[in-house]
Amino acid sequence: MAREYPWRRRAGWWLQNRRYLAFQLRELGGVVSAIYGLIFLNLLRTLRAGESAYTAFVDMMRTPPILYVNLVLFALLVWHAVTWFMLIGKSQPIQFTERPLPWRAVFGVNVLLWIGVSGAVVYLIFGGF
Amino acid sequence: MAGRDVVFRVKRYRPESGGKPAYQEYRIPYRDDMVVLDGLNYIKDYIDPTLTYRWSCRMGICGSCGANVNGTPRLTCGTYIRDVHKGTVTVDPLANFPILKDLVVDFDDFLTKLASVTPYIVREESGDLSKEFVQYPEDVEAYRQQSLCINCMLCYAACPVFGASPEFVGPAASALALRYIRDTRDEGADQRLARLNTKSGIWECTFVGECSVVCPKDVDPAAAIQTLKFLATMRHMRRLLMPGAPSR
Ligand code: SF4
Ligand code: FES
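Bear in mind that the values here come from a model prediction, so they are computed numbers and not experimental data.

Conventions we followed
- Residues numbered from 1 in each chain as written.
- Chains lettered and ligands numbered in written order.
- Predicted model: local features only at pLDDT ≥ 70, side-chain atom pairs only at ≥ 80, totals over all residues.
- Heavy atoms only, no water.
- Salt bridge = Lys/Arg side-chain N within 4 Å of Asp/Glu carboxyl O.
- Helix = DSSP H or I, 4+ residues; strand = E, 2+ residues; numbered from the N terminus.
- Buried < 20%, exposed > 50% of the residue type's maximum accessible area, 1.4 Å probe, protein only.
- Arc of directions from axis to C-beta.
- Near = heavy atom within 4 Å.
- Nonpolar A, V, L, I, M, F, W, Y, C, P; charged D, E, K, R; others polar.
- Phe/Tyr/Trp six-rings, centres within 6.5 Å; stacked < 30°, edge-to-face > 60°.
- Lys NZ or Arg CZ within 6 Å of the ring centre and 35° of its normal.
- Contact = heavy atoms within 4.5 Å.
- Buried area = accessible area lost by both parts, 1.4 Å probe.
- Polar contact = N/O pair within 3.5 Å; in protein donor to acceptor, adjacent residues only side chain to side chain.
- Domains from an automatic or database assignment.
- Core = buried A, V, L, I, M, F, W, Y, C linked by side-chain atoms within 4.5 Å.
- Axes fitted to C-alpha atoms, helices over the stretch in contact; angles between N-to-C directions.
- Parallel < 35°, antiparallel > 145°, perpendicular 65-115°, else oblique.
- Left-handed = near helix turned anticlockwise from the far one by under 90°.
- Pairing = 2+ DSSP bridges.

1. Re the pattern of salt bridges
Alright, step 1. Across all of its chains, the model carries 18 salt bridges over all chains by this definition.
Alright, step 2. With a shortest N-O distance of 2.6 Å, Glu210 of chain B and Arg19 of chain A are connected by a salt bridge. Placement of the pair is Glu210 of chain B in helix 9 (residues 210-214) and Arg19 of chain A in helix 1 (residues 18-49), with the two residues belonging to separate chains.
Alright, step 3. For Arg19 of chain A, a relative accessible area of 31% gives the class partly exposed.
Alright, step 4. Between Glu187 of chain B and Arg123 of chain B there is a salt bridge, with its nearest N and O atoms 3.3 Å apart. Here Glu187 of chain B, found in the loop between helix 7 (171-181) and helix 8 (189-196), pairs with Arg123 of chain B, found in the loop between helix 3 (108-116) and helix 4 (137-147); they are 64 residues apart in sequence, far enough to count as distant.
Alright, step 5. Residue classification places Arg123 of chain B among the partly exposed residues on the basis of a relative accessible area of 26%.
Alright, step 6. A cluster of three or more residues bridged by salt bridges with shared partners is formed by Arg12, Asp48, Lys101 and Asp102 of chain B.

Right, dumping it as structure tokens:
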């Protein structure tokens, strides 16, 4: 019996084309959303611990290195959200007529809703823009 | 022949030698109407008769001529050299499968997976099988897209999830499961969804979507898997909330 040569996946497979890269960044964005969750939980914890703990944490979050890291994390999070919105119309075709809605239309509606809800949340928190 | 040449870098693996697969280069003349399969046939006919690869129909029907061309899974009979070469055309065996020889890979694993989704119409044996089962054009339309699959395996070669977890049932077998589930003559949805709702089933899919990009027949297996996730969830909920009710 001839010997088969087993398949081995290359470590850098996700650099092979930009769609794989986009996917990996989307998955990384998922990890980032968990990190944001932890930051938020810690914020609540410091809030409970008292004003000085809360202020110290907020001041630390405002230091330039943390802000830069946050910018990168935020970009990944936005990418995660946008790419998931892109998948909605593809994963569950929405059908009112004979043909399902094009995924771009579903994507557009979701992005508009997202912007609307985010605006409402900002308004609720800051009482105006 | 206008005197144009192209270099084919072809991955070779000789199982009897026991060595690792390695590239071999061939310089061949080409015309604009030649596909990658023509290039391989030229090599086999005029340069190196030991080169081994699969093909049959030369018209995108049999699904046997798949290979990674410049890193992307493609049907070599449907890929023009002029569209893919920048001086060189690199041809590898389909990724994610063990190599038997040169460009020929072992598909046995896929055939087992395909069989596991019962890829044929299932009827209750107690039912009346003598009557005609009428289908209207819209009934056919419901599964037409998935029925176009030619089992070429390009989707498996493009799927990084299958590359990392070979137990994953994979895109084509899932798409074909949906093809039969959507067929109004079929009564096997429950057993297929039970198979797919397992650890090696559809939940492995993280929706990379590359299977649908490379599919030469526009089967869109990625969308089929997401639809199956929805159907499997509905089946699970029905069994949970209405234990005695029929599963479909
Ligand atoms: S789903 Fe498309 S890529 Fe996959 S085996 Fe079928 S025809 Fe080939
Ligand atoms: S030779 Fe049949 S699909 Fe290419």
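Further notes follow.
2. What to know about helix 4 of chain B
All names here are of chain B.
Alright, step 1. By the burial criterion, the buried members of helix 4 are Asp139, Tyr143 and Gln146. The buried residues of helix 4 occupy one face: seen down the axis, they fall within an arc of 35 degrees. Residues of helix 4 that are exposed and point more than 90 degrees away from the buried face comprise Pro137 and Glu138.

3. What about the site of ligand 1?
Alright, step 1. What surrounds ligand 1 is the set Cys149, Ile150, Asn151, Cys152, Met153, Leu154, Cys155, Ala172, Cys215, Pro216, Val219 and Pro221 of chain B.
Alright, step 2. Across the shell around ligand 1, the residue classes break down as 11 nonpolar, one polar and no charged.

4. Quick word on the packing of aromatic side chains
Aromatic rings considered in pairs are described by the distance between their centres and by the relative angle of their planes.
All names here are of chain B.
Alright, step 1. On inspection of all chains with the given rule, the structure shows 10 aromatic pairs over all chains.
Alright, step 2. Positioned over the ring face of Tyr23 is Arg9, at 4.0 Å from the centre of the ring.
Alright, step 3. The ring of Tyr80 has Arg82 sitting right over it, with the charged end atom 4.2 Å from the ring centre.

5. Quick notes on the interface of chain A and chain B
Alright, step 1. Listed as interface residues are 19 residues of chain A and, on the opposing side, 27 residues of chain B.
Alright, step 2. When chain A packs against chain B, the two sides together hide about 2,000 Å² of surface, and 56% of this comes from carbon and sulfur.
Alright, step 3. If you look at where chain A meets chain B, you find one salt bridge.
Alright, step 4. Applying the counting rule to chain A against chain B returns 10 residue pairs in polar contact (both at pLDDT 80 or more).

6. Remarks on helix 2 (residues 51-61) of chain A
All names here are of chain A.
Alright, step 1. Every buried residue of helix 2 is listed here: Phe57, Val58 and Met61. Buried positions in helix 2, seen along its axis, are confined to an arc of 95 degrees and lie on one side of it.
Alright, step 2. Where helix 2 is buried, its residues touch helix 1 and helix 3 (64-91).

7. A closer look at the domain arrangement of chain B
All names here are of chain B.
Alright, step 1. We note that the domain assignment places domain 1 (5-105) and domain 2 (108-241) within chain B.
Alright, step 2. Put simply, the middle of domain 1 and the middle of domain 2, counted by C-alpha atoms, are 30 Å apart.
Alright, step 3. Counting from both sides, the interface comprises 14 residues of domain 1 and, opposite them, 14 residues of domain 2.
Alright, step 4. Of the roughly 1,000 Å² buried between domain 1 and domain 2 on both sides combined, carbon and sulfur atoms contribute 69%.

8. Focus on the nonpolar core
All names here are of chain B.
Alright, step 1. Counting 71 residues, the largest nonpolar core has Phe8, Val89 and Tyr156 as the members making the most contacts within it.
Alright, step 2. Looking at which domains feed residues into this core, each of domain 1 (5-105) and domain 2 (108-241) supplies at least three.
Alright, step 3. Discounting chain neighbours no more than four positions away, the residues touching Phe8 are Gln24, Glu25, Tyr26, Ile28, Val36, Gly39, Leu40, Ile43, Ile81, Val89 and Val91.

9. Considering the packing of helix 3 of chain B against helix 7 of chain B
All names here are of chain B.
Alright, step 1. At a minimum axis separation of 9 Å, helix 3 and helix 7 run at an interaxial angle of 25 degrees. By the angle between their directions, the pair helix 3 and helix 7 is classed as roughly parallel. Read as a crossing pair, helix 3 and helix 7 show a hand that is right-handed. Contacts between helix 3 and helix 7 involve Phe110, Lys113 and Leu114 on the former and, on the latter, Ala172, Ala173 and Leu176.
Alright, step 2. Each residue belonging to the contact of helix 3 with helix 7 can be placed in one class, and the counts come to five nonpolar, no polar and one charged.

10. What about unusual backbone geometry?
Residue and element names in this part refer to chain B.
Alright, step 1. In the Ramachandran plot, Asn70 falls in the positive-phi region, its phi being about 50 degrees despite a non-glycine side chain.
Alright, step 2. In this structure, Asn70 sits in the loop between strand 3 (66-69) and strand 4 (72-75).
Alright, step 3. For Asn70, a relative accessible area of 35% gives the class partly exposed.
Alright, step 4. Phi at Phe207 is positive, roughly 60 degrees, even though this residue is not glycine.
Alright, step 5. Examined against the element boundaries, Phe207 turns out to sit in the loop between helix 8 and helix 9.
Alright, step 6. Residue Phe207 is classed as buried on the basis of its relative accessible area of 5%.

11. What about the sheet that holds strand 5 (residues 88-92) of chain B?
Residue and element names in this part refer to chain B.
Alright, step 1. If you walk across this open sheet you meet the five strands as 2-1-5-3-4, and the pairing is mixed. Single-partner strands in this sheet number two, and they are strand 2 (22-29) and strand 4. Taking each pair of neighbouring strands and ignoring which way they run, the sheet shows an average axis angle of 35 degrees.
Alright, step 2. Where strand 3 lies against strand 4, four bridges are found, and the strand directions are antiparallel. Opposite Ala67, over in strand 4, you have Arg74 as the bridge partner.

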